[in-house]
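Here is what each chain is made of, one letter per residue.
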Amino acid sequence: MAKKESNQYLQIISDIEKKNFKPIYFLMGTEPYYIDLITDAIIANALDEPDRDFNQIIVYGSDVDTATVINAAKRYPMMAPRQLVVVKEAQQLDKIDELIYYVQRPLMSTVLVLNYKYGTLKNKKLLAEIEKNGVLFESKKLYDYQLPGFIDAYVSRKGFSIGQKECTMLSDAIGPDLCRMSRELEKLFLSLPQGETRISALHIEENIGISKDFNNFELLNAVIVRNPYRANQIIRYFEKNPKSNPAIVTISVLFNFFSNLMLLYFIKDKSEAAIMAELKLRTSFQARDYVTALRNYNAYKCIDIISQIRIYDARSKGVGLAPGTTEYDLLKELIFKIMH
């Protein structure tokens, strides 16, 4: 089967940069970021600039059929060590199952790249043949709890550093769109003063428009420590900046936290280390929030909170919503019920 994403893409890119090419790269999955990253690495490294005019073909699945792709892949390179054939949006390729006739005996002087985005190929026989003779990679969407880890790793690879709070600010504000996340991080790198390598909350606020004081991270913290004044102060800020702070995102953040908290009532060891292991957290900083919440909310209250969040989530989507009620009116009510 396809290799899991984890850090496998780094190994694939490392091999590409060393000019260790496979004849076939089938890149599929629901997360386009890694698919584009690997494809860009192949295009950058497969051929020298003078060889590209005659030996590089980039097409889209909607514009060609499988027979055309196979014929292109069977060509021999012209005065170059290899040729490159890239099929973008390969999920639109007509009769893609017929690729098996080429995949079983690929031309070793061709690097064939197929970008199959937003889904996975179901033909197990074809997948098995691709994996036998090339690279089969599945790119999966990250869960919300994985986003801070992605940000931290991305920043570190670029030679910069960032705190856990700042990672959470970015993940809450931008969400799981990794393409956008990478663009925003690159913007932050360029904005740093010369010689400075650490991204602060102030940098994020000034360059991305996320307030270091008024964001979902700070709201969640106010809820955890049961500070209603601070929570309502943040919600009022959200209400004045609705485009940057949709209530539905805030409700999702609250639901994720209290759903995780519910799990912790059933483990015997409630130390920071045990909580990190149970919830697969990256830092003790995150675990400390759960330790505080365990003190401030008992299991029965947590069950009630989750129930209330579900109710208000439905109302925010129009189910049983009273006329004239805004999403921030709902959020204020929800926060009140959580903390009382």
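Residues numbered from 1 in each chain as written. Predicted model: local features only at pLDDT ≥ 70, side-chain atom pairs only at ≥ 80, totals over all residues. Heavy atoms only, no water.

**Brief notes about the overall build of the chain**
Helix and strand content of the chain: 17 helices and seven strands. Along the longest, intermediate and shortest principal axes, the C-alpha atoms of the chain span 75 × 50 × 45 Å. In the chain, which comprises 340 residues, the share counted as buried stands at 47%. Taking the contacts inside the chain whose residues are at least 6 apart along the sequence as the reference set, 75% of them involve residues at least 24 apart. Carbon and sulfur atoms make up 52% of the accessible area of the chain, which totals about 17,100 Å². (Helix = DSSP H or I, 4+ residues; strand = E, 2+ residues; numbered from the N terminus. Buried < 20%, exposed > 50% of the residue type's maximum accessible area, 1.4 Å probe, protein only. Contact = heavy atoms within 4.5 Å. Areas by Shrake-Rupley, 256 points an atom, 1.4 Å probe, with all protein chains shown as cover.)

**Details of the side chain of Thr-110**
With respect to the helices and strands, the residue Thr-110 is situated in strand β4 (residues 110–117). The class for Thr-110 is buried, based on a relative accessible area of 0%. Polar side-chain contacts of Thr-110 include one of 3.1 Å to the side chain of Gln-83. With sequence-adjacent residues up to four places away left out, Thr-110 is seen in contact with Pro-23, Ala-73, Arg-75, Gln-83, Val-85 and Tyr-102. (Polar contact = N/O pair within 3.5 Å; in protein donor to acceptor, adjacent residues only side chain to side chain.)

**Brief notes about the sheet that holds strand β2 (residues 56–60)**
Strands sit in the order β2-β3-β4-β1-β5 across an open sheet of five strands; the sheet is parallel. Looking along the sheet, the strands with just one partner apiece sit at the ends: β2 and β5 (135–139). Ignoring strand direction, the axes of neighbouring strands in this sheet form an average angle of 10°. Pairing of strand β3 (residues 83–88) with β4 involves five bridges; the strand directions are parallel. Each bridged residue has a counterpart across the sheet, and for Val-87 the counterpart in β4 is Leu-114. Lying on the sheet, helix α2 (residues 32–46) is in contact with β1 (24–29), β2, β3, β4 and β5; it crosses β4 at an angle near 160°. (Pairing = 2+ DSSP bridges. Axes fitted to C-alpha atoms, helices over the stretch in contact; angles between N-to-C directions.)

**A word on the pairing of β4**
Among the eight residues in β4, eight count as buried, and that is most of the element. The side-chain alternation of β4 yields two buried faces, one formed by Thr-110, Leu-112, Leu-114 and Tyr-116 and the other by Val-111, Val-113, Asn-115 and Lys-117. Here β1 pairs with β4 via six bridges, running parallel. Bridge assignment links Met-28 to a residue of β4, and that residue is Tyr-116.

**Side note on the packing of helix α8 (residues 164–174) against helix α10 (residues 201–208)**
Close contact between α8 and α10 brings their axes to 9 Å; oriented N to C, the two are set at 25°. Viewed along their axes, α8 and α10 adopt a mutual orientation that is roughly parallel. Residues Glu-166, Met-169 and Leu-170 of α8 form the contact with α10, whose own contacting residues are Ala-201, Ile-204 and Ile-208. (Parallel < 35°, antiparallel > 145°, perpendicular 65-115°, else oblique.)

**Structural notes on the packing of aromatic side chains**
Under the counting rule described, the total for this entry stands at eleven aromatic pairs. Seen from their ring centres, Tyr-33 and Tyr-34 are 5.1 Å apart, and the 75° between their planes marks the pair as edge-to-face. Looking at Tyr-34, the relative accessible area reads 2%, which means it is buried. Considering the side-chain rings of Tyr-154 and Phe-189, the 6.3 Å spacing of their centres and the 15° angle between planes classify their relative orientation as stacked. (Phe/Tyr/Trp six-rings, centres within 6.5 Å; stacked < 30°, edge-to-face > 60°.)

**Notes on the environment of Ser-14**
For Ser-14, the position within the fold is in helix α1 (residues 8–17). C-alpha of Ser-14 to C-alpha of Met-28: the two residues are 14 residues apart in sequence and 19 Å apart in space.

**What about helix α13 (residues 247–264)?**
Across its 18 residues, α13 extends 26 Å between first and last C-alpha, which sits within 8% of the 26 Å expected from 1.5 Å per residue. Taken together, the buried positions of α13 are occupied by Ala-247, Thr-250, Ile-251, Val-253, Leu-254, Phe-257, Phe-258, Leu-261, Met-262 and Leu-264. Down the axis of α13, the buried side of the element spans an arc of 170°, and every buried residue falls inside it. (Expected span 1.5 Å × (residues − 1). Arc of directions from axis to C-beta.)

**Let's talk about the nonpolar core**
General note: in soluble globular proteins, nonpolar side chains tend to be found buried as a group. By size, the foremost hydrophobic cluster in this structure holds 44 residues, and its most contacted members are Tyr-25 and Leu-170. Among the elements that line this core, the one with the most residues is α2, at eight residues. Excluding its chain neighbours within four sequence positions, the residues that come into contact with Tyr-25 are Ile-12, Ile-16, Asn-20, Ile-42, Val-111, Leu-112, Val-113, Leu-114 and Val-135. Residues Val-223, Phe-257, Leu-294 and Cys-302 belong to the second largest nonpolar core, which totals 41 residues. (Core = buried A, V, L, I, M, F, W, Y, C linked by side-chain atoms within 4.5 Å.)

**With respect to the pattern of salt bridges**
By the definition in use, this model includes twelve salt bridges. Linking Arg-52 and Glu-49 is a salt bridge whose minimum nitrogen-to-oxygen distance equals 2.9 Å. Linked through salt bridges whose partners overlap, the residues forming this network are Arg-180, Glu-184 and Lys-187. (Salt bridge = Lys/Arg side-chain N within 4 Å of Asp/Glu carboxyl O.)

**Details of the confidence of the model for the chain**
Per-residue confidence for the chain averages 89 on the pLDDT scale, and 97% of its residues sit at or above 70. Segment residues 1–5 is flagged for pLDDT under 50; beyond a separation of four residues in sequence, or across chains, it makes 18 contacts in the model. (pLDDT = per-residue confidence, 0-100.)

**What about the environment of Thr-39?**
In this structure, Thr-39 sits in helix α2. Residues Thr-39 and Val-113, spaced 74 residues apart in sequence, show a C-alpha to C-alpha distance of 7.3 Å. Dropping the residues within four chain positions of it, Thr-39 is found in contact with Leu-27, Val-86, Val-113 and Asn-115.

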